[in-house]
Amino acid sequence: MDSEYRNFHPNKCNVCFQQSSTKPSTSTTGAPLQPCRKCKLIKYCSKNHQLYDAPTHKPFCMAVQSILQKSGTDHVLRCAESFLGIQFKANPVDMVAFMNLVKCTSLLVSKILNRPLMHHEHMMLTFPSLCNVCMEYRPEKLFVCANCNQVAYCSKEHQESDRKKHSKWCDRLRINFFFDTDISNNSSIGAFPKFAFENEETFQNTFPKDIFELASTALEVEVKSSATEPGLELAEELHNISIAGMFSHVGTILYVMRALGMFEEVDNELRVYILGAEKDHVFFNAFTNTVLFRFLPKLRRLRLFFIGPNVDKAAESVMHFSDNRIIEIEMHRYVFHKIPEKVKLPEAHLAIAFNSGFNEFYGSKKYTWEETLRRILKKPNLAFAFTSYTLGEAMDDASIMELTEQRLPSFHNLVFMRRNIVNPFRNPVPIRNPNQADENDVLYYENGYLSICVMRQG
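- Under the annotation held in an unreviewed UniProt entry, the chain carries the name MYND-type domain-containing protein and is attributed to Anopheles epiroticus.

The structure is reproduced here in structure tokens:
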């Protein structure tokens with residue numbers, strides 16, 4: 001097995017997950033999964049799968065064992081109690097204090113391993129099996145919610161007391177539990193039919209209300225959502241979510257353009273800057289890009305400029321379609337404000353930063369957005385949109401935009417056309433929020449929240 005899991009859930013046998021994302025979370029005999037006896041942070045359906053996973057799990061497990069022995073505690077997250085002056089077990093649960101314990105423990109494990117923790121190792125420490133009410137951690141005392149397979153309780157009484165709070169997230173946690181996040185594993189993507197382009201007389205029928213309607217319109221096949229079609233089979237729901245999610249980026253662009261009244265403004269050519277790009281090009285392929293042609297019938301040339309220090313230059317391409325339609329994808333491996341003068345970028349109609357994360361390193365030496373945002377804001381009337389994972393991040397990102405604007409000459413005014421709204425074209429794949437102190441977004445979505453702004457000359 002590779003050193004990193006393709007997917008990981010602390011309450012799932014992750015060897016099984018590589019074989020089938022919908023495999024039940026029980027052993028072959030139907031018994032509950034058994035935790036690793038040494039670290040208590042990962043579970044398996046059988047001894048065979050535990051042995052198979054040993055090369056991957058062993059270094060992390062040994063680091064945890066070392067901490068347990070030296071600290072004299074019976075759970076790794078208790079090792080930081082005396083240092084932080086925080087009790088691990090508390091009622092009511094203080095999730096801010098809990099996250100401080102997780103961060104401190106993560107740093108300690110990372111130091112012992114002498115390397116950064118991998119994603120699944122962070123997940124093990126962030127989402128250990130604990131009672132959702134009292135934080136009981138002894139495996140023999142716990143059972144998980146039978147629907148979502150993710151939230152644990154130590155008693156029926158605690159499960160009942162938490163029912164109202166948990167029911168808000170339970171069904172989406174269930175999807176998160178079973179969903180295979182590996183795009184390359186989705187064999188259905190290659191089976192998409194070709195698009196029928198609209199002409200100027202028939203385009204712009206009712207604009208899709210959400211990403212499922214957009215996918216249905218684009219593919220001319222109904223892509224159902226459990227919100228509108230309760231009772232979907234799990235396999236069909238997972239399939240539809242995967243299909244719809246591929247249209248999140250182009251759907252967001254269309255929504256922004258429609259909100260700004262740009263459908264009528266764009267004629268033969270559309271130019272879009274995609275800032276802070278990394279792997280975003282995966283969502284701009286021959287199938288998804290043509291959605292833009294479907295709603296912009298005059299459009300003949302679509303130019304997408306992916307700009308970021310980690311973009312894949314090999315992904316540059318030119319795609320040709322009927323009636324002289326063309327899509328050009330350019331990759332520029334720079335932060336926006338450091339693009340060399342010899343690289344002559346044409347003026348864009350729209351700039352967008354997907355899952356922007358302006359807030360992530362704000363105020364530190366790692367923060368690189370400051371000058372890029374200044375450059376964008378110095379372009380009057382250029383529409384700039386950005387998406388964020390959670391509401392808290394969206395609020396921070398919008399505030400950073402305002403702070404950046406305040407440091408510019410006063411003859412410009414920043415106007416928000418949309419601010420921190422739930423994006424109807426967010427990727428419908430639910431992802432567990434590692435910040436468990438965030439009660440607004442227990443789960444988050446790529447492109448989950450959307451803001452649209454523009455600098456107007458004052």
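Now that the structure has been shown, we can carry on.
1. Quick word on a positive patch on the surface
1) Next: Positive charge collects at one region of the surface, where R37, K38, K47 and K58 lie side by side.
2) Next: With respect to the helices and strands, the residue K38 is situated in the loop between β1 (34-35) and β2 (43-44).

2. Points about a negative patch on the surface
1) Next: Residues E222, E229, E233 and E236 make up a contiguous surface patch of negative charge.
2) Next: Within the secondary structure layout, E222 lies in the loop between α9 (211-219) and α10 (234-245).
3) Next: Relative accessible area serves as the criterion here: at 54%, E222 is assigned to the exposed category.

3. As for the pairing of strand β7 (residues 317-321)
1) Next: Of the strand pairs in this sheet, β7 and strand β8 (residues 325-332) are connected by five bridges, and their pairing is antiparallel. When the sheet's bridge partners are listed, S317 is paired in β8 with I329.
2) Next: Counting the residues that bridge the hairpin from β7 to β8 gives three residues, and of these D323 lies at a positive phi of roughly 60°.

4. A few points about the nonpolar core
1) Next: Within the largest apolar cluster, 58 residues are counted, with the highest numbers of intra-cluster contacts made by F247, I253, M257, I274, F284 and F306.
2) Next: Here M257 is in contact with M262, F263, V266, L270, L296 and L350, once residues within four sequence places are set aside.
3) Next: Counting residues in each nonpolar core, the second largest holds 33 residues, with V64, F88, F98 and M123 among its members.

5. Observations concerning the packing of helix α2 (residues 47-71) against helix α5 (residues 119-126)
1) Next: Interhelical geometry of α2 versus α5 gives an angle of 55° and a closest axis separation of 11 Å. Accordingly, the angle class assigned to the pair α2 and α5 is oblique. The two elements α2 and α5 cross, and the hand of that crossing is right-handed. Each of T56, H57 and F60 in α2 lies in contact with α5, whose residues at this interface are H120, E121, M124 and L125.
2) Next: Across the contact of α2 with α5, the residue classes break down as three nonpolar, three polar and one charged.

6. Details of the confidence of the model for the chain
1) Next: Here the chain averages 87 in pLDDT, and 88% of its residues register 70 or above.
2) Next: Throughout residues 183-193 the model reports pLDDT below 50, and contacts reaching past four residues in sequence, or to other chains, amount to 17 contacts.

7. Describing the UniProt feature "domain: MYND-type" (unreviewed entry) in the chain
1) Next: The residues that UniProt annotates with the feature "domain: MYND-type" (unreviewed entry) are residues 13-61 and 131-170.
2) Next: Strand forms 10% of residues 131-170 and helix 30%; the C-alpha atoms that close the span are 15 Å apart.

8. As for the layout of surface pockets
1) Next: Quantified by volume, the second largest pocket comes out at close to 710 Å³.
2) Next: Lining of the second largest pocket is provided by 32 residues; of these, M95, N132, K165, R432 and Q436 occupy positions nearest its centre.
3) Next: Secondary-structure elements contributing two or more residues to the lining of the second largest pocket are α4 (95-113) and α7 (163-167).
4) Next: Here the lining of the second largest pocket is built from residues that sort into 15 nonpolar, eleven polar and six charged.
5) Next: A domain split of the lining of the second largest pocket shows at least three residues from each of domain 1 (14-178) and domain 2 (211-457).

9. Description of the environment of V250
1) Next: The topology assignment puts V250 in helix α11 (residues 248-259).
2) Next: V250 sits 39 residues away from N289 along the chain, and the two C-alpha atoms are 6.7 Å apart.
3) Next: Apart from residues no more than four positions distant in its own chain, V250 is found in contact with F283, F284, T288, N289, V291 and L292.

10. Here's the deal with the sheet that holds strand β11 (residues 412-422)
1) Next: Sheet architecture is open: eight strands sit in the order β7-β8-β6-β5-β9-β10-β14-β11, paired in mixed fashion. In the strand order of this sheet, the two ends are held by β7 and β11, each with one partner. On average, each strand axis in the sheet is inclined to that of its neighbour by 15°, with strand direction left out of account.
2) Next: As defined by bridge partners, strand β10 (residues 383-388) adjoins strand β14 (residues 449-457) across six bridges and the pair is classed as antiparallel.

Each value, and the rule that gives it
- Residues numbered from 1 in each chain as written.
- Predicted model: local features only at pLDDT ≥ 70, side-chain atom pairs only at ≥ 80, totals over all residues.
- Heavy atoms only, no water.
- Patch = residues over 30% accessible without salt bridge, like charges linked within 9 Å, V, L, I, M, F, W, Y side chains within 5 Å.
- Areas by Shrake-Rupley, 256 points an atom, 1.4 Å probe, with all protein chains shown as cover.
- Salt bridge = Lys/Arg side-chain N within 4 Å of Asp/Glu carboxyl O.
- Lys, Arg positive; Asp, Glu negative; His and termini not counted.
- Charge placed at Lys NZ, Arg CZ, Asp CG, Glu CD.
- Helix = DSSP H or I, 4+ residues; strand = E, 2+ residues; numbered from the N terminus.
- Buried < 20%, exposed > 50% of the residue type's maximum accessible area, 1.4 Å probe, protein only.
- Pairing = 2+ DSSP bridges.
- Core = buried A, V, L, I, M, F, W, Y, C linked by side-chain atoms within 4.5 Å.
- Contact = heavy atoms within 4.5 Å.
- Axes fitted to C-alpha atoms, helices over the stretch in contact; angles between N-to-C directions.
- Parallel < 35°, antiparallel > 145°, perpendicular 65-115°, else oblique.
- Left-handed = near helix turned anticlockwise from the far one by under 90°.
- Nonpolar A, V, L, I, M, F, W, Y, C, P; charged D, E, K, R; others polar.
- pLDDT = per-residue confidence, 0-100.
- UniProt positions renumbered as here; feature names shortened; annotations may be inferred.
- 1 Å grid on protein atoms, 1.4 Å probe; cavity = no way out; pocket = protein on both sides within 12 Å on 5 of 7 lines; lining within 4 Å.
- Points joined across faces, edges and corners; volume = space filled by probe spheres on them.
- Domains from an automatic or database assignment.

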